[in-house]
Amino acid sequence: MTVNYRGERVFVDITINNDEFHKAIDSMIDETIRLTKLVAAGYEDRIDSLILVGGSTKMPYIKQRLQKEFKFAIKDCGNPDLIVALGACLHADTLGDNAETSNSVLNEILSNPIGNVIIGGFIANIVPAGSSIPCSVTKTFYGTVIDQEQIKCNITNGKGVLFEDGRLEYLGNQTITNLKKEGIKPRIDVKIDVNSDSTIDLTIISKSDERNTASAKMSLSTNKKSDREEFAEDLKESFNYFCENHPHFDFEQKFRQYKNEFPRSVYVQEIEKAMAKTSVGSYQRNLYIYRLISQFDTDKA
């Protein structure tokens, strides 16, 4: 092969065996598998096959790795070298001067849901996965206390129930302020517009005064880890305050109560899974239960 060495092109003859080559490309295959699992999560029973595209998929090792990771069939597309270019040509046919006369129809869909972090650190989906792009969805949310003056929306992209789920990406946040005091918990409409250029427009509207709005533009390719860390700190601060005011609170009894009252709640199920590695009475275990208290019993929290 030819390499650039100090500005000069040099031909180098190197021989490596299969094991060495496989080791060199394993990290790239691992990332491909991770992304495929992220997209397929929750839809495995509806997927019949995974179709390989791109010239590199002609390597038998790639198919072998995928067959070990996925239960559905791994199939060749017939011409992996040209299939990506063919798709690009079909897409180009729907753009520009050909848009009105093109016979090609390409429907882009949202692979992961877009949601909002709610009290307790849970995710409430707003735009479901599989929605056609562009699309617009509005969902109503409530404040956590009476006469709350502002509400912050943390927007996520991905399949997850808890805010710390590694499958979630944080797109950004926005806060609506100056909410009217009416002696009730304020209500807001959260509107998400998903655009064809992989951006979203967030609009928050006060239900009591539609002139009071807040908006932000975000990218689906953004992952703001700082938002996740900030939310974790806020949750711990709230939990510590709760413990100071309820020094003898029985968290385990409260959790048993929630299991009986909400046996099918996805929040209860996910928290129970997260608690599996914790010990009774530990700080982390009680923090998990507190999150359910925040969700189901906001007056007490």
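Everything in this summary refers to the structure shown in the same document. All figures in this text were calculated on a predicted structure; none of them were measured in a lab. (Residues numbered from 1 in each chain as written. Predicted model: local features only at pLDDT ≥ 70, side-chain atom pairs only at ≥ 80, totals over all residues. Heavy atoms only, no water.)

**Observations concerning the environment of A40**
Tracing the sequence through the fold places A40 in helix α1 (residues 18-40). When the C-alpha atoms of A40 and N112 are compared, they prove to be 9.3 Å apart, with 72 residues separating the residues in sequence. (Helix = DSSP H or I, 4+ residues; strand = E, 2+ residues; numbered from the N terminus.)

**Some details on the pattern of salt bridges**
For the coordinates displayed, the defined rule picks out 15 salt bridges. The partner of R291 in a salt bridge is E164, and the shortest N-O contact between them spans 2.9 Å. Of this pair, R291 sits in helix α7 (residues 283-296) while E164 sits in the loop between β8 (151-157) and β9 (169-176), placing them 127 residues apart in sequence. Given the relative accessible area of 2%, R291 is considered buried. Using a relative accessible area of 31% as the deciding quantity, one classes E164 as partly exposed. Notably, a salt bridge pairs K217 with D201, separated by 2.8 Å at the nearest N-O pair. Placement of K217 in strand β12 (residues 213-219) and of D201 in strand β11 (residues 199-206) is noted, with a sequence separation of 16 residues between them. The exposure class assigned to D201 is partly exposed, which follows from its relative accessible area of 23%. (Salt bridge = Lys/Arg side-chain N within 4 Å of Asp/Glu carboxyl O. Buried < 20%, exposed > 50% of the residue type's maximum accessible area, 1.4 Å probe, protein only.)

**Points about the pairing of strand β5 (residues 114-118)**
Of all 5 residues in β5, 5 are buried, a share of seventy percent or more. A two-sided burial pattern is seen for β5, the buried positions comprising I114, N116 and I118 on one face and G115 and V117 on the other. Pairing of β5 with strand β6 (residues 122-127) involves 5 bridges; the strand directions are antiparallel. When the sheet's bridge partners are listed, V117 is paired in β6 with I123. Between the end of β5 and the start of β6, which pair antiparallel, lie 3 residues, with G120 showing a positive phi angle near 90°. Note: β5 against β8, 3 bridges, orientation antiparallel. Bridge assignment links N116 to a residue of β8, and that residue is I155. (Pairing = 2+ DSSP bridges.)

**Topic: the sheet that holds β8**
Taken in spatial order, the 4 strands make up an open sheet running β6-β5-β8-β9, and their pairing is antiparallel. Of all the strands in the sheet, just β6 and β9 have a single pairing partner and so form its edges. Direction aside, neighbouring strands of the sheet carry axes that sit 30° apart on average. (Axes fitted to C-alpha atoms, helices over the stretch in contact; angles between N-to-C directions.)

**Concerning the packing of aromatic side chains**
Overall, the coordinates contain 12 aromatic pairs when judged by the stated rule. When the ring of Y258 is compared with that of F296, the centres are 5.2 Å apart and the planes differ by 50°; the resulting orientation is tilted. Here Y258 is found in helix α5 (residues 251-261), whereas its partner F296 is found in helix α7, with 38 residues between them in sequence. An aromatic cluster of three or more residues is present, and its members are F239, F242, F249, F251, Y283 and Y290. In this arrangement the basic side chain of R291 is found over the ring face of F122, its NZ or CZ atom lying 5.9 Å from the centre. (Phe/Tyr/Trp six-rings, centres within 6.5 Å; stacked < 30°, edge-to-face > 60°. Lys NZ or Arg CZ within 6 Å of the ring centre and 35° of its normal.)

**Describing the sheet that holds strand β10 (residues 187-194)**
One key point about sheets: their strands pair by backbone hydrogen bonds, in either a parallel or an antiparallel sense. The antiparallel open sheet is built from 4 strands, whose spatial order is β7-β10-β11-β12. Looking along the sheet, the strands with just one partner apiece sit at the ends: β7 (135-142) and β12. The sheet shows a mean angle of 20° between the axes of neighbouring strands, direction not considered. Summarising the sheet, β11 and β12 pair through 7 bridges and their orientation is antiparallel.

**A closer look at the packing of helix α6 (residues 266-275) against α7**
Running from N to C, α6 and α7 cross one another at 170°; their axes reach a closest spacing of 9 Å. The orientation of α6 relative to α7 falls into the category roughly antiparallel. For the pair α6 and α7, the contacting residues are Y267, V268, I271, A274 and M275 in the first and R285, Y288, I289, R291, L292, Q295 and F296 in the second. Per-class residue counts for the contact of α6 with α7 are 9 nonpolar, 1 polar and 2 charged. (Parallel < 35°, antiparallel > 145°, perpendicular 65-115°, else oblique. Contact = heavy atoms within 4.5 Å. Nonpolar A, V, L, I, M, F, W, Y, C, P; charged D, E, K, R; others polar.)

**Considering the nonpolar core**
Counting 51 residues, the largest nonpolar core has I114, I155, I188, I192, V194 and I200 as its most contacted members. Here this core gets 6 residues from one element, more than from any other, and that element is α7. What I200 contacts, discounting residues up to four positions off in sequence, is I114, I155, L171, I192, D193, V194, N195, A216, K217, M218 and L220. Formed by 10 residues, the second largest nonpolar core is a distinct cluster that contains L52, I62, F72 and I74. (Core = buried A, V, L, I, M, F, W, Y, C linked by side-chain atoms within 4.5 Å.)

**Comments concerning the packing of α1 against helix α2 (residues 60-69)**
Between α1 and α2, whose axes approach to 11 Å, the crossing angle comes to 45°. Relative to α2, α1 is oriented oblique. In terms of crossing hand, the pair formed by α1 and α2 is right-handed. Side by side, α1 and α2 meet where H22, I25, D26, I29, D30, I33 and K37 of the first sit next to Y61, I62, R65, L66 and E69 of the second. (Left-handed = near helix turned anticlockwise from the far one by under 90°.)

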